[in-house]
Amino acid sequence: MRLHYAPRTISIAVAITLEEAGLPYEAVPVDFSAGEQKGDAYLALNPKGRVPTLETDSGTVLTETGALLDYIAALAPGAGLVPGDPERAAQMRSVMYFLGSTMHVNHAHMRRGDRWATKKSSFDDMIAKTPENMAENARYFTTDCLEGDYVLGDDFSIADPYAYMLCSWLERDEVSLTDFPEITAYLDRMNARPAVQAVKSKGML
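This report concerns the structure included in the present document. (Residues numbered from 1 in each chain as written. Predicted model: local features only at pLDDT ≥ 70, side-chain atom pairs only at ≥ 80, totals over all residues. Heavy atoms only, no water.)

### Some points on the overall build of the chain
A tally of helices and strands in the chain yields eight helices and four strands. The order of α-helices and β-strands along the chain, N terminus first, is β-α-β-α-β-β-α-α-α-α-α-α. Whereas a compact globule of 205 residues would reach a radius of gyration of roughly 17 Å, the chain reaches 17 Å, a difference of no more than 12%. Overall, the C-alpha framework of the chain stretches about 50 × 45 × 30 Å when taken along its three principal axes. In the chain, the share of contacts with a sequence separation of at least 24, taken over all contacts with a separation of at least 6, comes to 64%. In the structure as shown, the chain presents an accessible area of about 10,000 Å², 50% of it carried by carbon and sulfur atoms. Computed over 19 positive and 29 negative side-chain charges, the separation of the two mean positions in the chain equals 6 Å. (Helix = DSSP H or I, 4+ residues; strand = E, 2+ residues; numbered from the N terminus. Rg over C-alpha atoms; globule rule 2.2 N^0.38 Å. Contact = heavy atoms within 4.5 Å. Areas by Shrake-Rupley, 256 points an atom, 1.4 Å probe, with all protein chains shown as cover. Lys, Arg positive; Asp, Glu negative; His and termini not counted. Charge placed at Lys NZ, Arg CZ, Asp CG, Glu CD.)

See below:
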């Protein structure tokens, strides 16, 4: 498999999950600073011009973080990355959908305002609102998503690489982690995992 990624973006959640699953992959960097994601070659692969993009062993191209995490978990069922119980699996995915549809979007308002508006005043308003929104999301994550050491309590799942990346951006969004000791401890636990260490050693994070 070939994972097209940009360092420290949400695509790194896919790399962490591949490491957790013990699946081999080739990491292909996409240079955002050079606008490579908007070039013809990359757009031919992923017309959305975003990461992650995963080329499977069969040659299929897959996109969207949540879909890729589920795909990897299905390829490596022995890794136990998705609960076998349907209700627990649904709880896990409800966290993932919150992260993808709400928290990630709120984060993007700080630096990607041109996705929603054209006026500088609109950008300024979105930037000003981002710390408040992200702090609210952080509170919700600690009270309604994080059941213990991980999203599912003692059980690591594909929701955790997703949550790890978004929580790691909080300080960039002007949210003080001193207000969220549970998240600080969560990030410490995640940073200690061999999969995260492996991704860091490759310069992806």
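On we go.
### A look at the nonpolar core
Soluble globular proteins tend to pack their nonpolar side chains together in the buried interior. Core analysis: the largest hydrophobic core is formed by 56 residues, its most contacted members being Leu3, Phe141, Leu170 and Ile183. Taken together, the elements giving at least two residues each to this core come down to strand 1 (2–5), helix 1 (11–21), helix 3 (65–75), helix 4 (86–111), helix 5 (120–145), helix 6 (159–168), helix 7 (181–192) and helix 8 (194–201). Look past the residues within four positions of Ile183 in its chain and what remains in contact with it is Ala138, Phe141, Thr142, Cys167, Leu170 and Leu177. (Core = buried A, V, L, I, M, F, W, Y, C linked by side-chain atoms within 4.5 Å. Buried < 20%, exposed > 50% of the residue type's maximum accessible area, 1.4 Å probe, protein only.)

### As for unusual backbone geometry
Cis geometry is found at the peptide bond from Val51 to Pro52, where omega equals 10 degrees. Notably, Arg8 is not glycine yet its phi reads approximately 65 degrees, a positive angle. You can see Arg8 is positioned in the loop between strand 1 and helix 1. We note that Glu64 has phi near 80 degrees; this positive angle belongs to a residue other than glycine. In this fold, Glu64 is placed in the loop between strand 4 (61–63) and helix 3. Since its relative accessible area comes to 47%, Glu64 is described here as partly exposed.

### Focus: helix 6
Counting buried residues in helix 6 gives nine out of 10 residues, a clear majority hidden from the surface. If you check which residues of helix 6 are buried, you get Ala159, Asp160, Pro161, Tyr162, Ala163, Tyr164, Met165, Leu166 and Cys167. Those residues of helix 6 that are buried are in contact with helix 1, helix 3, helix 4, helix 5, helix 7 and helix 8.

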